[in-house]
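Inside the fold
One letter stands for each residue in the lines below.
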Amino acid sequence: MDGSVIHRSGLITGGVGNRGQRGKTQTWEAVAVDNLRKARDRLAEELQTIARERRKLAKEEAVTTRLTGLQTKHRISREALDALGRKLQGLATERKHIEVKIAECRPVVAQTTAELEQAKDVREQANARIYVIAQPIFADFCQRLGIPNLEAFERQLLPATEAAEERRLQFRTQLSRLDSQLLFEQQQLDEATSKLDKLVQAQQSTTASLESLRAELSREQAEMAGFVAQIEGLRRELATLTTKYGDATEDVQAAQHTLEQGQKDLDTMNKDLRARATEMDRALAEKAAVLRKCKIEDIPLPLLRGSLQALPLEAGVGAGSGSQLAESYLSQLSLGDTQSSSMSIDGADDIAPDYSTLPQTDRTGAPGTVEQKYIADVARLTAEIDALNPNPHARERLESARARLHEIEVEHNAARQEARESKSTFQAVRKRRHDIFMRCYNHLATAIDHAYKALTQSPLFPLGGTAYLALEDPESPYLAGVKYHAMPPLKRFRDMDQLSGGEKTVAALALLFSLQTFRPAPFFVLDEVDAALDLANVAKLANFLRENARSYEDEDAEADQADQVADEAMTSHYSLRQSARIKRNAPEEAPTGGSASQFIVISLKQALFERAQSLVGIYRDQAQNSSQVLTLDLDQFSS
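Residues numbered from 1 in each chain as written. Predicted model: local features only at pLDDT ≥ 70, side-chain atom pairs only at ≥ 80, totals over all residues. Heavy atoms only, no water.

**Examining the overall build of the chain**
The helix and strand tally for the chain stands at twelve helices and ten strands. When the accessible surface of the chain is summed, it comes to about 49400 Å², and 58% of that surface belongs to carbon and sulfur atoms. (Helix = DSSP H or I, 4+ residues; strand = E, 2+ residues; numbered from the N terminus. Areas by Shrake-Rupley, 256 points an atom, 1.4 Å probe, with all protein chains shown as cover.)

Structure below.
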């Protein structure tokens, strides 16, 4: 009331208050400002604290991520180390085996060495005895040559003998080479001689053929000269005939031109005649319709010739139509007969109305105007008659319309019933198709996540990844696609195209194994599916395959026991074992849970095939130059 203004912030301005009120106002404003400043400082401190905590949290997240990566690398390194350890154990076992073999061979080698030394000693003793025995025998020989003994002679003679033998061997080799070359040249010479003989014979035969051909050519030339003379005479005769043919052709062309012109004129006349015949048909039809209407409605008509009683009530064209009249006229023209033919349409041509009672103006006026005038009068009079008298044919038309309506209703009801049956059948088929598809889809949508988790879980990520399916068109799912999404552990959502090769492989295997749970197959053949996987994922795949592998031993034992019972009871022609196997290998309904199978895996990675139950190896046998197969049962080493 005093003009004071209270703002939203709490300030009061204006007005004519006293000093006390102003002082209270200023005091309240100061207290509010201090409180706001304190609140601002407190919030700023809290904000700084939150910022510090966020920085610490970011550092902790970075450290956690780094720790996770290091743990993954450590796990991979640990698995690689385990693999290397297993390989090292195998090499150590092999080394021990080789050392045992070496230890077993050492006594044999020592014994063989001792025997070799003994043999050398025996040989030296034998050589010494030989020299002692041969020395007196070759003493004169050594004295003549001036050598102390036979051993010195052998030392001097041996190099020369070896050189001579080597030279002799070179000569023999060169001689063999020359003999081979001589034999090759002799063969070449024999082949050239035989070729030359063949060429000489061919030349002689060619010369004889040439002489015969020359004689035949002379004879042919003489005959050709006679033929040329005949051809010249024929050419002159042809020129004469050509001239005559040209003259005759000009005459024929002139006659054809005249004939074509006459044909054109005849065609024009035929067209005019057919047009007039058509007009005559229309006029006769109109005349017959008018006469028939007069007969039906009992209209008295003055006639010069004929009677309406002879006119039939049914409309039909008789043998004397205008078109037939035209054809008859044309045939008469073609046959040269000018006799006229009397034809009629339904007998209407035999009736001649008497026009003498018409006014002079109607008889001599324009036909179109008179016709329009009479048509208007007839329409007016018809309307008046229809207003005075009912249509006698209305009942017949009504009955005909009702019969036609009943037929249409019967056909309509039959068509509606057929449409309802077709729609019902279509809906049943559509529902069955939808149920079958959704039964498979719902099973896969549940099984694929379990399979993917089993392939991606680890001690660090016990929950594994996530995989799910999504329908593009839920109303008609079989008419559209199904989207497949997979999220590996600690990875954000991405399209399947943006995943790595190993991640795509794991996702594809999860889909394959989930399909296996719906329609189990007796066995799988996996060809190097681990090519894009690292050691960790290879180990996960191996464990998954090992857990889901089917063992037929227990089932076969149960089937054998069932066979014995069936043989004793003699209750069935087929054994229970066959029935059990048929039921096992060909299920009719989709199973609700997982089902074990046999896996045949082709792999080059030791981390996968070392966890198998048995191995089949293919190698090349160089001795037989063929492939060989080796099999090894690893279950015997499982302990």
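**Considerations on helix α8 (residues 501–518)**
Note: α-helices contain 3.6 residues per turn, so residues at a spacing of three or four share the same orientation. An ideal rise of 1.5 Å per residue puts 26 Å on 18 residues; α8 measures up with 26 Å between its terminal C-alpha atoms. Every buried residue of α8 is accounted for by G502, E503, T505, V506, A507, L509, A510, F513, S514, Q516, T517 and F518. (Expected span 1.5 Å × (residues − 1). Buried < 20%, exposed > 50% of the residue type's maximum accessible area, 1.4 Å probe, protein only.)

**Section: the packing of helix α7 (residues 394–456) against helix α9 (residues 535–548)**
Between α7 and α9, whose axes approach to 8 Å, the crossing angle comes to 125°. The angle between α7 and α9 falls in the class oblique. Contacts from A454, L455 and T456 of α7 reach α9 at K540, L541 and F544. Residues that form the contact of α7 with α9 fall into these classes: four nonpolar, one polar and one charged. (Axes fitted to C-alpha atoms, helices over the stretch in contact; angles between N-to-C directions. Parallel < 35°, antiparallel > 145°, perpendicular 65-115°, else oblique. Contact = heavy atoms within 4.5 Å. Nonpolar A, V, L, I, M, F, W, Y, C, P; charged D, E, K, R; others polar.)

**As for the side chain of T517**
In this structure, T517 sits in helix α8. A polar contact is formed between the side chain of T517 and the side chain of H443, at a distance of 3.0 Å. A distance of 2.5 Å separates a polar atom in the side chain of T517 from the backbone oxygen of S514. (Polar contact = N/O pair within 3.5 Å; in protein donor to acceptor, adjacent residues only side chain to side chain.)

**Remarks on the layout of surface pockets**
In this model, the second largest pocket occupies a volume close to 720 Å³. What lines the second largest pocket is a set of 24 residues, among which F599, V601, A612, Q613 and S614 lie closest to the centre. Those elements giving two or more residues to the lining of the second largest pocket turn out to be α9, β8 (598–602), α12 (606–609), β9 (614–621) and β10 (626–633). A total of five residues in the lining of the second largest pocket trace back to one element, the largest contributor, which is β8. (1 Å grid on protein atoms, 1.4 Å probe; cavity = no way out; pocket = protein on both sides within 12 Å on 5 of 7 lines; lining within 4 Å. Points joined across faces, edges and corners; volume = space filled by probe spheres on them.)

**Here we look at the pairing of β9**
The sheet contact formed by β9 and β10 spans eight bridges and is antiparallel. Paired with V616 across the two strands is T631, which belongs to β10. (Pairing = 2+ DSSP bridges.)

**Side note on the packing of α7 against α8**
Each pair of packed helices can be described by the angle between their axes along with the distance between the axes. Between α7 and α8, the shortest axis-to-axis distance is 8 Å and the interhelical angle comes to 130°. Here α7 lies oblique to α8, going by the angle between them. The crossing of α7 and α8 is right-handed. Between α7 and α8, the contacting residues are R439, C440, H443, L444, A447, I448, A451, Y452, L455 and T456 on the first element and V506, A507, L509, A510, L511, F513, S514, L515, T517 and F518 on the second. Partitioning the contact of α7 with α8 into residue classes produces 15 nonpolar, four polar and one charged. (Left-handed = near helix turned anticlockwise from the far one by under 90°.)

**Examining the pattern of salt bridges**
Side chains carrying opposite charge are able to pair once their charged atoms draw close together. In the structure shown here, the tally under the stated rule is 13 salt bridges. Close ionic contact of R40 with D41 constitutes a salt bridge, the shortest N to O distance being 3.7 Å. Judged by relative accessible area, which is 55%, R40 ranks as exposed. The partly exposed category is assigned to D41, whose relative accessible area is 40%. Salt-bridge contacts for D435 lead to K431; the nearest nitrogen and oxygen are separated by 3.0 Å. Taken together, the positions of D435 and K431, both in helix α7 and four residues apart, correspond to about one turn of that helix. Here the salt bridges do not stand alone but share partners, grouping R86, E610 and R611 into one network. (Salt bridge = Lys/Arg side-chain N within 4 Å of Asp/Glu carboxyl O.)

**As for the packing of aromatic side chains**
Tallying each qualifying case throughout the model produces six aromatic pairs. Note on F437 and Y478: the rings are 6.5 Å apart at their centroids and 85° apart in plane angle, and the pair reads as edge-to-face. Here F437, found in helix α7, pairs with Y478, found in the loop between β5 (466–471) and β6 (482–487); they are 41 residues apart in sequence, far enough to count as distant. You can call F437 partly exposed: its relative accessible area is 25%. On the basis of an interplanar angle of 75° and a centroid distance of 6.1 Å, the ring pair of F513 and F524 is categorised as edge-to-face. One end of the pair, F513, is in helix α8; the other, F524, is in strand β7 (residues 523–527), and eleven residues separate them in sequence. Comparing F513 with F524 shows no difference in burial state: the two are buried. Here the aromatic cluster, defined as three or more aromatic residues joined through ring pairs, consists of F513, F524, F544 and F599. (Phe/Tyr/Trp six-rings, centres within 6.5 Å; stacked < 30°, edge-to-face > 60°.)

**Things to note about the nonpolar core**
It is characteristic of soluble globular proteins that their nonpolar side chains tend to be buried jointly. Judged by nonpolar contacts, the single largest core of 28 residues is most densely connected at Y452, L455, Y484, F513, L541 and L545. Of all elements in the fold, only α7, β5, β6, α8, β7, α9 and α12 reach the threshold of two or more residues within this core. With seven residues, the single largest contributor to this core is α7. Excluding anything up to four places from it in sequence, L545 contacts F513, L526, F599, V601 and L608. By size, the runner-up hydrophobic cluster in this structure holds five residues, among which are L291, C294, L311 and I351. (Core = buried A, V, L, I, M, F, W, Y, C linked by side-chain atoms within 4.5 Å.)

**Quick notes on the confidence of the model for the chain**
Confidence in the prediction for the chain averages 77 pLDDT; 80% of positions are at 70 or higher. Predicted confidence is poor over residues 317–323, with pLDDT under 50, and the contacts of this stretch with residues over four places away or in other chains come to 15 contacts. (pLDDT = per-residue confidence, 0-100.)

**Some details on the side chain of T505**
Inspection of the secondary structure assignment puts T505 in helix α8. Once residues lying within four places of it in the same chain are set aside, the contact partners of T505 are V529, A532 and L533.

**Quick word on a nonpolar patch on the surface**
A cluster of nonpolar side chains, F523, V525, I600 and I602, forms an exposed patch at the surface whose accessible area comes to about 370 Å². Elements represented by at least two residues in the nonpolar patch include exactly β7 and β8. (Patch = residues over 30% accessible without salt bridge, like charges linked within 9 Å, V, L, I, M, F, W, Y side chains within 5 Å.)

**Details of empty space enclosed by the protein**
This structure, assessed with the given rule, holds one cavity of 30 Å³ or more. Taken as a whole, the largest cavity spans an internal volume of roughly 40 Å³. What lines the largest cavity is simply L455, V506, L509, L533, N537, K540 and L541. The set of elements that each furnish at least two residues to the lining of the largest cavity consists of α8 and α9. The biggest single contributor to the lining of the largest cavity is α9, with three residues. Its residues assigned to classes, the lining of the largest cavity shows five nonpolar, one polar and one charged.

**Focus on a positive patch on the surface**
Taken together, the side chains of R52, R55, K56 and K59 present a region of like positive charge at the surface. On the secondary structure map, K59 appears in helix α1 (residues 19–137). (Lys, Arg positive; Asp, Glu negative; His and termini not counted. Charge placed at Lys NZ, Arg CZ, Asp CG, Glu CD.)

**Some thoughts on α7**
In a regular helix each residue adds 1.5 Å, so 63 residues correspond to 93 Å; α7 covers 89 Å between its end C-alpha atoms and thus fits that length. Taken together, the buried positions of α7 are M438, Y441, H443, L444, A447, I448, D449, A451, Y452, L455 and T456. Of the surrounding elements, those touching the buried residues of α7 are β5, β6, α8 and α9.

**As for unusual backbone geometry**
Positive phi is not limited to glycine here, since E528 has a value of about 50°. Topologically, E528 is positioned in the loop between β7 and α9. Judged by relative accessible area, E528 falls into the partly exposed class, the value being 37%. Look at N625: it is not a glycine, yet its phi comes out positive at around 55°. Here N625 falls in the exposed class, since its relative accessible area comes to 53%.

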